[in-house]
Amino acid sequence: MLDQEKDRDAMLKSLNIMQKMKEWLRQESIRVAEEIRLTNIDLNSCVMIADHSGSFAGNLRTPLEQSALPSVGASTVPTVPTVPAPPQALSTNNGQFRSRVPRFKKMSTVSVATAVEEPKSVESVAVRRQEGRKVEEVKEMKKTVREVKQTKERERQHAKKVPQPARRSPVPHPEQTLLQAFRLLSTDDWEKKVEGLNSIRRLCTHHTEVLLPRLHDLCLAVTKEVKNLRSVVSRVAMLTLAHLFTNLGQGMDPEVEGTAQVLLQKAGEANSFIREDAEMALSHMVLCVSPSRSMAALINTGLKHRCAAVRASAAQHLGVLAEVVGSSRLLSGRKELTDRFIHAISCFALDSAQEVRTHARDTLALLASHPDIIKMVEKFAPKRDQNSIKDIINKCQCRNV
């Protein structure tokens, strides 16, 4: 609207200027023509020049003619009068009516009935708080059940990846078979040793109740054969330990420290077959025994070990433990679990060996999505390593985003 009115004002102004110019040109042409006519008439009779001015025919005209003609030097271009601009429209809403009454903002959505409602009684407030507590307890229970289900699902997924030991047939007399197995392991014949280890595998698959009373002696005998220089005996002994972890589960908790130490030693050997069997037995240990026990065994043996392959195996299985247990439980702040794990994984992440650093940083990338990871690092990691660990976690978070 305003643009159209401005255009119209400009057009009217230009038309007024043109009309004024036409009128001025008409008057000027009439004056010049009259001057020429009078000059031609009086030119022959003019004999003298005016004394005080240099103009012709100054005294030949009558006073009436002189007053009628405009002066030659006085003609100027007429000035265009300023055209007043039209008043601006009060409203710019396309002709719609707009009220000038000020509108008040809606300060509250509370109705009158709610505003005049009497305060709630103390009993109703207590009831509501009790209901809120019950709702929170139900949510916590659901969360716990969900975490347990997720942990079991992760354990099943990892169990699928780990090679399962072959199942053996049951024995008719388990007590006598156990005594015979001890006698076979005490001999020097490697074939009889293998036969005794296979008997133990059959017993732990079908007769676990027979093994539990003598579990410590049995584990000492088996771990002794893991160190056997004959590779066949050593591999069968590691397979027997995998059977024990799988079938006895947390019943093997008291024996985890000694067995993990021997297995980690074997994981650092150059023979790839022995190393693979040791890794399989360690994986069954992480999946089946208590997380705190397996973590302590891995850290106590692998953290300060001189062999880089042993440290790499310990870091790798700590990552498997973190994936099985879950970040929420692992970073719960418990001293026996979170403290040792964060300290060990921080040391592994800055290890001199690249393979150790790779396994540890993969574990930190797994935990980087947890909201309390930085706080736990500041609390439990070595102070000299905290800035480096935070940088690694920040890079992992950026990569995950």
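Residues numbered from 1 in each chain as written. Predicted model: local features only at pLDDT ≥ 70, side-chain atom pairs only at ≥ 80, totals over all residues. Heavy atoms only, no water.

Caption draft 1: Structural context of the overall build of the protein chain. The secondary structure content of the protein chain amounts to 18 helices and zero strands. Burial statistics for the protein chain: of 401 residues in total, 35% are counted as buried. By sequence separation, contacts in the protein chain at least 24 residues apart represent 72% of the contacts at least 6 residues apart. Carbon and sulfur atoms make up 54% of the accessible area of the protein chain, which totals about 26,400 Å². (Helix = DSSP H or I, 4+ residues; strand = E, 2+ residues; numbered from the N terminus. Buried < 20%, exposed > 50% of the residue type's maximum accessible area, 1.4 Å probe, protein only. Contact = heavy atoms within 4.5 Å. Areas by Shrake-Rupley, 256 points an atom, 1.4 Å probe, with all protein chains shown as cover.)

Caption draft 2: View of the packing of helix α9 (residues 231-248) against helix α10 (residues 256-267). Two elements in contact, α9 and α10, have axes whose closest approach is 12 Å; the angle formed by their N-to-C orientations is 135 degrees. By the angle class used here, α9 and α10 are oblique. α10 is crossed by α9, and the crossing has left-handed handedness. Contacts between α9 and α10 pair Ser234, Met238, Leu241 and Phe245 from the former with Thr259, Leu263 and Lys266 from the latter. In terms of residue class, the contact of α9 with α10 is made up of four nonpolar, two polar and one charged. (Axes fitted to C-alpha atoms, helices over the stretch in contact; angles between N-to-C directions. Parallel < 35°, antiparallel > 145°, perpendicular 65-115°, else oblique. Left-handed = near helix turned anticlockwise from the far one by under 90°. Nonpolar A, V, L, I, M, F, W, Y, C, P; charged D, E, K, R; others polar.)

Caption draft 3: Seen up close, the pattern of salt bridges. As enumerated under the stated definition, the model contains 10 salt bridges in all. Put simply, lysine 375 and aspartate 372 hold a salt bridge, and the shortest N to O gap is 3.9 Å. (Salt bridge = Lys/Arg side-chain N within 4 Å of Asp/Glu carboxyl O.)

Caption draft 4: Quick peek at helix α16 (residues 354-367). The end-to-end C-alpha distance of α16, which contains 14 residues, comes to 20 Å, matching closely the 20 Å that a straight helix rising 1.5 Å per residue would cover. Listed as buried for α16 are Val356, Ala360, Thr363, Leu364, Ala365 and Leu367. (Expected span 1.5 Å × (residues − 1).)

Caption draft 5: Structural context of the packing of aromatic side chains. This model, assessed by the stated rule, comprises zero aromatic pairs. Above the face of the phenylalanine 182 ring, arginine 214 is positioned so that its terminal group lies 4.4 Å from the ring centre. (Phe/Tyr/Trp six-rings, centres within 6.5 Å; stacked < 30°, edge-to-face > 60°. Lys NZ or Arg CZ within 6 Å of the ring centre and 35° of its normal.)

Caption draft 6: Spotlight on the side chain of serine 199. Topologically, serine 199 is positioned in helix α6 (residues 190-206). Given the relative accessible area of 14%, serine 199 is considered buried. When sequence neighbours within four positions are dropped, the list of residues in contact with serine 199 reads Thr177 and Ala181.

Caption draft 7: Highlighting the nonpolar core. In terms of nonpolar packing, the biggest core is built from 84 residues, with Met285, Leu318, Phe341 and Ile342 touching the most fellow members. With 10 residues, helix α13 (residues 308-325) is the largest single contributor of residues to this core. If we ignore the near neighbours within four places in the chain, the residues touching phenylalanine 341 are Met295, Ile299, Leu318, Ala322, Leu330, Thr363 and Leu367. (Core = buried A, V, L, I, M, F, W, Y, C linked by side-chain atoms within 4.5 Å.)

Caption draft 8: Quick peek at helix α11 (residues 272-288). A rise of 1.5 Å per residue sets the reference length of α11, with its 17 residues, at 24 Å; its end C-alpha atoms lie 24 Å apart and thus fit the reference within 8%. With 12 of 17 residues buried, α11 is to be regarded as a mostly interior element. Taken as a whole, α11 has its buried residues at Ile274, Asp277, Ala278, Glu279, Met280, Ala281, Leu282, Ser283, His284, Met285, Val286 and Leu287. The N-cap of α11, judged by a side-chain oxygen 3.0 Å from the amide nitrogen of phenylalanine 273 a few residues on, is asparagine 271. (Polar contact = N/O pair within 3.5 Å; in protein donor to acceptor, adjacent residues only side chain to side chain.)

Caption draft 9: Structural context of the packing of helix α15 (residues 335-349) against helix α17 (residues 373-380). Running from amino to carboxyl end, α15 crosses α17 at an angle of 85 degrees, the nearest separation of the two axes being 9 Å. Taken together, α15 and α17 sit at an angle that is classed as roughly perpendicular. Of the residues in α17, those in contact with Thr338, Asp339, Ile342 and His343 of α15 are Ile373, Met376, Val377 and Phe380. Here the residues of the contact of α15 with α17 are counted per class, giving five nonpolar, two polar and one charged.

Caption draft 10: Looking closely at the confidence of the model for the protein chain. Chain-level pLDDT for the protein chain is 77 on average; 71% of the residues reach the 70-or-more range. Here residues 68-84 is a poorly scored stretch, pLDDT under 50, and it has 16 contacts once near neighbours within four places are set aside; other chains count. Within the model, pLDDT remains below 50 along residues 99-120, and this stretch shows four contacts once partners closer than five positions in the same chain are excluded. (pLDDT = per-residue confidence, 0-100.)

Caption draft 11: Local environment of the environment of aspartate 362. You can see aspartate 362 is positioned in helix α16. Under the relative-accessibility criterion, aspartate 362 is labelled partly exposed at 48%. When the C-alpha positions of aspartate 362 and alanine 349 are compared, they lie 9.1 Å apart, and in sequence the two are 13 residues distant.

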